[in-house]
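# A structural walkthrough
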Amino acid sequence: MRFTHLISLFTIITLLSASSLVGKEPEKPNVIVIMADDLGWGDVSCYGATELSTPNIDKLAKQGLRFTQGYCSASTCTPTRFSFLTGMYAFRQPGAGIAPPNATALVKPGTETVASILQKSGYKTSVIGKWHLGLGAKPKPDWNGLLKPGPLEIGFDYCFLLPTTNDRVPSVYVENHRVKGLDPKDPLWVGRKKPSPDHPTGKDPEVRKKLKMDWSHGHNHTVHNGIGRIGYYTGGKSARWRDEDLADEWVKQSVKWIEKNKDKPFFLFFSSHDLHVPRMPHERFHGKTKLGFRGDAIVQLDWCVGELIKTVDRLKLTEKTMFVFVSDNGPVLDDGYKDGAITKLGKHKPSGPYRGGKYSIYEGGTKTPFITYWPGKIKPGVSDKIVCTIDLPTSLAALTGQAIPKNAFLDSLNVLPALLGQSDAKGRDHLIQQNNSGKTLALRVGDWKVLSYIDAKPRKHLTYQKGPGKYELYNLAEDPQEKKNLKDSHPEKLQSMLEKLEEIRKAGRTRS
Ligand code: NG6
Ligand code: CA
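Rules behind the numbers
Residues numbered from 1 in each chain as written. Chains lettered and ligands numbered in written order. Predicted model: local features only at pLDDT ≥ 70, side-chain atom pairs only at ≥ 80, totals over all residues. Heavy atoms only, no water. Domains from an automatic or database assignment. Contact = heavy atoms within 4.5 Å. Buried area = accessible area lost by both parts, 1.4 Å probe. Salt bridge = Lys/Arg side-chain N within 4 Å of Asp/Glu carboxyl O. Polar contact = N/O pair within 3.5 Å; in protein donor to acceptor, adjacent residues only side chain to side chain. Nonpolar A, V, L, I, M, F, W, Y, C, P; charged D, E, K, R; others polar. Near = heavy atom within 4 Å. Areas by Shrake-Rupley, 256 points an atom, 1.4 Å probe, with all protein chains shown as cover. Pairing = 2+ DSSP bridges. Helix = DSSP H or I, 4+ residues; strand = E, 2+ residues; numbered from the N terminus. Axes fitted to C-alpha atoms, helices over the stretch in contact; angles between N-to-C directions. Donors = N, O, S within 2.8 Å, 3.2 Å for Na, K, Ca; no water. Buried < 20%, exposed > 50% of the residue type's maximum accessible area, 1.4 Å probe, protein only. Lys, Arg positive; Asp, Glu negative; His and termini not counted. Phe/Tyr/Trp six-rings, centres within 6.5 Å; stacked < 30°, edge-to-face > 60°.

## Quick notes on the domain arrangement of the protein
Domain parsing of the protein yields domain 1 (2-130 + 150-158 + 243-429) and domain 2 (431-507). Relative placement of domain 1 and domain 2: their C-alpha centres are 27 Å apart. Opposite the 30 residues of domain 1 that make contact, domain 2 presents 29 residues. Interface area lost by domain 1 to domain 2 is led by Phe91, Ile361 and Tyr362, which between them contribute 32%. Between the two partners, domain 1 and domain 2, sit 1 salt bridge. Between Lys449 and Glu363 there is a salt bridge, and its shortest N-O distance comes to 2.8 Å. In this structure, the connection of domain 1 to domain 2 is made through 19 residue pairs in polar contact (both at pLDDT 80 or more). Partitioning the side of domain 1 that touches domain 2 into residue classes produces 14 nonpolar, 9 polar and 7 charged.

Structure representation (structure tokens):
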């Protein structure tokens with residue numbers, strides 16, 4: 001071979017190896033995290049539900065990876081969402097329980113979040129749907145002015161929100177920093193006390209008779225769309241939504257945003273309000289299941305998932321997009337409205353085989369449908385690795401090649417290999433689960449689980465709260481339903497588990 005040929009061969013080899021290096025650059029797929037609200041482990045057909053069918057969520061599971069031990073970090077909404085964004089256990093943050101209507105921004109500007117780390121990685125980022133993490137600065141949100149800080153100050157480029165939850169006022173949309181469609185001549189007022197003696201509420205017998213859906217506990221303040229809510233509000237008439245239209249609006253806004261950002265890597269946090277109370281799906285879903293509106297809302301959620309998949313396929317982004325499907329806490333039947341969830345339940349088991357549900361630290365409170373789907377990348381299958389929504393910030397940073405600042409994502413572990421279904425993947429070896437206040441905690445290490453009711457007071461409709469100093473110890477391998485409390489027969493195990501829980505609490509972080 002002549003010298004010049006040798007040189008060209010060398011050049012080709014160099015170019016080839018350079019391109020293979022390029023091939024090792026992080027891939028930066030689009031990421032769509034779909035978070036359902038109050039959806040239980042057993043509420044979808046790919047996790048064993050037989051009384052209804054969820055073909056679109058099942059498609060994600062069938063063509064993706066279905067986790068049997070996927071968790072959200074808390075058994076209510078705000079703390080799980082706080083941890084999903086910040087990668088920090090919510091019990092470390094005072095005031096991270098269920099946010100009231102006038103809550104101000106819980107995640108402070110400058111906090112590294114799953115969105116900000118992806119933004120640094122070149123992603124366009126958005127959250128569409130339920131927020132429930134507070135908006136604006138103290139003392140209370142400026143509903144008629146700028147709702148700042150909010151998602152835009154912690155890494156999202158765009159937001160289109162239900163500010164709290166659908167059972168809390170105000171029943172309006174927020175787009176970026178403002179209530180959408182607000183008429184300045186009809187300002188919006190939100191408060192905790194009845195604004196005037198004649199303000200109609202769900203408590204008034206005459207008003208109550210005419211409600212579209214009656215309440216069972218709470219939810220008897222301002223009435224909107226024939227439904228009593230938590231909290232009082234007046235004004236903002238032109239900005240108010242109808243419950244029946246929320247799901248369609250999330251889909252419409254998401255499709256629009258995806259189309260606009262299809263050429264860049266994008267991150268969409270699709271935060272459905274389904275199936276949170278009041279369950280009032282669009283009329284076209286009424287009666288789609290035998291389970292009443294709770295079942296119909298699951299079918300509506302499944303429809304939303306289908307629309308997102310269709311959009312990604314239509315834009316030819318199928319192999320460039322990773323979906324993660326999860327819920328924010330376990331299921332609940334009567335969460336304040338008489339919607340037939342109990343009377344029409346039949347054989348359906350919202351928590352699947354597990355004990356407990358929303359508000360509880362038993363498995364049913366935090367074990368959630370957890371699916372990852374990325375055609376061409378994630379091999380279809382079932383995984384028994386332990387993963388949690390709190391791990392998404394660190395894992396997505398790893399996926400996109402971002403270094404994590406030292407004091408960010410303190411409890412978020414890199415479980416990316418498990419999320420991608422790699423053969424050598426490990427999940428978490430331990431996990432803390434919490435209730436709403438973060439004062440009742442459970443620690444799982446391998447198959448052992450300790451439950452510690454640190455200072456929670458038992459309350460009438462929250463029978464899971466047992467009072468201070470009560471402990472339970474279970475071996476989940478032998479007793480997945482947490483029926484046989486082993487605390488007296490295994491005092492040393494109880495002690496070592498409680499010490500480990502205390503250690504993680506005191507350390508202030510999990511990640512070294
Ligand atoms: C509770 C509400 C419940 C629901 C929950 C928040 C009452 C009696 N109960 O306080 O209806 O709104 O808060 O749910 O008002 S979550 O999924 O957003 O955390
Ligand atoms: Ca919830």
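## Observations regarding the site of ligand 1
Close to ligand 1 lie 18 residues, the nearest being Cys77, Asp167, Arg168, Asp335 and Lys358. Taking Lys130, its side chain carries an N or O atom lying 3.1 Å from an oxygen atom of ligand 1. Asp167 is positioned such that a nitrogen or oxygen atom in its side chain is 2.5 Å from an oxygen atom of ligand 1. About the coverage of ligand 1: the protein hides 86% of its 450 Å² of free accessible area.

## A short note on the sheet that holds strand β19 (residues 448-453)
Spatial ordering of the open sheet is given by β17-β18-β19-β20, a layout of 4 strands whose pairing is antiparallel. In the strand order of this sheet, the two ends are held by β17 (430-434) and β20 (470-475), each with one partner. If you compare each strand with its neighbour and ignore which way they point, the axes differ by 15° on average. Bridge analysis of strand β18 (residues 440-445) against β19 gives 6 bridges, and the strand direction is antiparallel. Each bridged residue has a counterpart across the sheet, and for Thr440 the counterpart in β19 is Tyr453.

## So, the coordination of the calcium ion (ligand 2)
Within the protein, the atoms that donate to the calcium ion (ligand 2) are Asp37 (OD), Asp38 (OD), Asp328 (OD), Asp328 (OD) and Asn329 (OD1), at distances of 2.2 to 2.8 Å. Of note, the donors binding the calcium ion (ligand 2) are all from one chain and are spaced D-D-x289-D-N. Here Asp37 is found in the loop between β1 (30-36) and α2 (55-62), whereas its partner Asn329 is found in the loop between β13 (321-327) and α8 (363-366), with 292 residues between them in sequence.

## What about the side chain of Asp296?
When you line up the elements, Asp296 lands in helix α7 (residues 293-314). One buried charged residue, Asp296, remains without a salt bridge, the closest side chain of opposite sign being Lys344 at 7.4 Å. Within the structure, Asp296 has its side chain in polar contact with the backbone nitrogen of Lys288 (distance 3.3 Å).

## Details of the packing of aromatic side chains
Taken as a whole and assessed by the stated rule, the structure comprises 14 aromatic pairs. Their ring planes at 85° and their centres at 5.7 Å tell us that Tyr173 and Trp250 sit as a pair that is edge-to-face. Remark: Trp250 occurs in helix α6 (residues 246-260) and Tyr173 occurs in the loop between β5 (158-162) and β6 (174-175); sequence separation between them is 77 residues. This pair shows no difference in class: Tyr173 is buried, exactly as Trp250 is. Their ring planes at 65° and their centres at 6.5 Å tell us that Tyr362 and Tyr474 sit as a pair that is edge-to-face. Here Tyr362 is found in the loop between β13 and α8, whereas its partner Tyr474 is found in strand β20, with 112 residues between them in sequence. With a relative accessible area of 2%, Tyr474 lands in the buried category. What links up through ring pairs into an aromatic cluster is the set Trp41, Tyr47 and Tyr354.

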